Amino acid sequence: MAGLYLGVDAGNSKTAALVCDFSGEVVGAGRSGCGDIYGAPTPGEAVSEVLAALDAALAQAGAARADVVGAAFRLAGVDWPEDRVYWEDALAERYPSLRRRSILNDGYASIRCGEPSGVGIAIAAGTAAAIAARGPTGSLWDMGWWGQYPMGAIGLANEAIKAVHLAELGLGPETALTDALLEYYRKPTVTALNHWFTRREGGGTHQDRARCARVVTATAAAGDPVAMSIVRAQGRYLATYAGVAARRTGLSESGPVSVVLSGSVLMAEASPVTAALLAELPEHMPAAVPHQARLAPVAGAVLDALSENGVPLTEPVLDRLTRTVPPKDFLET
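Remember, it's a predicted structure, so these values are computed and weren't measured experimentally.

What counts as what
Residues numbered from 1 in each chain as written. Predicted model: local features only at pLDDT ≥ 70, side-chain atom pairs only at ≥ 80, totals over all residues. Heavy atoms only, no water. Salt bridge = Lys/Arg side-chain N within 4 Å of Asp/Glu carboxyl O. Helix = DSSP H or I, 4+ residues; strand = E, 2+ residues; numbered from the N terminus. Buried < 20%, exposed > 50% of the residue type's maximum accessible area, 1.4 Å probe, protein only. Expected span 1.5 Å × (residues − 1). Arc of directions from axis to C-beta. Contact = heavy atoms within 4.5 Å. Pairing = 2+ DSSP bridges. Axes fitted to C-alpha atoms, helices over the stretch in contact; angles between N-to-C directions. Phe/Tyr/Trp six-rings, centres within 6.5 Å; stacked < 30°, edge-to-face > 60°. Lys NZ or Arg CZ within 6 Å of the ring centre and 35° of its normal. Core = buried A, V, L, I, M, F, W, Y, C linked by side-chain atoms within 4.5 Å. Polar contact = N/O pair within 3.5 Å; in protein donor to acceptor, adjacent residues only side chain to side chain.

We now examine the pattern of salt bridges. The full count for this structure, using the stated rule, is eight salt bridges. One salt bridge connects D304 with R112, and the closest N-O pair in it is separated by 2.4 Å. Separated by 192 residues along the polypeptide, D304 in helix α11 (residues 297-308) and R112 in the loop between β5 (101-105) and β6 (120-125) bring together distant segments of the chain. The same class applies to D304 and to R112, which are both buried. Salt-bridge contacts for D208 lead to R211; the nearest nitrogen and oxygen are separated by 3.2 Å. For D208, a relative accessible area of 17% gives the class buried.

Next up, the structure:
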């Protein structure tokens, strides 16, 4: 099956790949593990996971690597020029037939999920947070390692656990987060919780921390002042960096700016983090037009592949892709 377009969205929790034809019809999908060269046990293993996902997508399509005429790789961990060089070299070695490709941070994948033109800002808050922007002249900026505040699920979790520890020591206000986290993790005391997260062997992992984010937002929604403060701060941080992205790419001078929200933290029903972000956004981006992503980030990556290789993203193409993407459960972490 010749003339296929490939989109890859690689993160720490999973890597997803889609292939579609010029009409936008998705003909294959695949997924694998961590594709972040900073997060995988070794960079080479991240490359292997990315190739595993794309090969699975091609196998489902009954196609071969040589059938791909254009690809967009949107990869967590592409934060510095040498990261992109690493991927360019790795793909040149292990996928030499693929010559028409682009490689960017995974934050860019979500822009076309709500703004087909690809001009705008994506704010993604899942396990971590990613913010990326493409300006009207094609200029790019992404947050990468510039993020200096706790954002995403892991940010919510770390701030909540810190608040519980400080309350236990009498160094911070009492909070309903204490009972909520002890119940969630099934620990009898704050000491036991602290020990579990910090002991040398058999303790809680980074992923274990992140999964309590919904407990934090639920506690905030129930009115706990400490949890509410954590949520409000998260919204402020995300809005602040979105403002930076707008200024760095010329979007702050171009009239209305499409701001696409995605990720489990922002897409959750009645998310207080989303409410906090929307309340803060006008101060940092008066022209912001926020809306939630209509597609998963990997679909944005394959739309990039189409557009970058000369396929107009017409309404029929967008509609066909939307109708043929895999079901939601395939793309969930």
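Okay, helix α2 (residues 81-94) next. With 14 residues, α2 extends 20 Å from end C-alpha to end C-alpha; this agrees with the ideal 20 Å at 1.5 Å per step. Buried within α2 we find D83, W87, A90 and L91. All buried residues of α2 fall inside an arc of 95° around its axis, so they share one side. Residues of α2 that are exposed and angled more than 90 degrees away from the buried face: P81, E82 and E93. Buried residues along α2 sit in contact with α1 (43-61), β4 (68-75) and β5.

Pairing is mixed across the open sheet formed by five strands, whose spatial order is β8-β7-β6-β9-β10. Because the sheet does not close on itself, it has two edges, and the strands there are β8 (140-142) and β10 (288-292). Strand-to-strand twist in this sheet, taken as the mean axis angle between neighbours without regard to direction, amounts to 15°. With three bridges connecting them, strand β7 (residues 129-134) and β8 associate as antiparallel partners.

Once that is clear, we can look at the packing of aromatic side chains. For the structure shown, the criterion picks out eight aromatic pairs. When the centroid spacing of 6.2 Å and the interplanar angle of 70° are considered together, the rings of Y149 and Y241 count as edge-to-face. In this pair, Y149 sits in the loop between β8 and α3 (152-168) while Y241 sits in helix α8 (residues 225-249), placing the two residues 92 residues apart along the sequence. The exposure class of Y149 is partly exposed, given its relative accessible area of 44%. Judged by relative accessible area, which is 9%, Y241 ranks as buried. Positioned over the ring face of F197 is R209, at 4.6 Å from the centre of the ring.

Time to look at the nonpolar core. Counting 54 residues, the largest nonpolar core has I121, I123, L181 and L238 as its most contacted members. Ignoring sequence-local partners within four residues, the contact set of L181 consists of A160, I161, V164, L193, C212 and V215.

What follows deals with the side chain of S258. Within the secondary structure, S258 sits in strand β9 (residues 257-262). At 3.4 Å, the side chain of S258 forms a polar contact with the side chain of E115. Polar contacts involving the side chain of S258 include one to the side chain of H291, which spans 2.7 Å. When near neighbours in sequence (up to four residues on either side) are disregarded, S258 contacts G114, E115, V119, G120, I121, V289 and H291.

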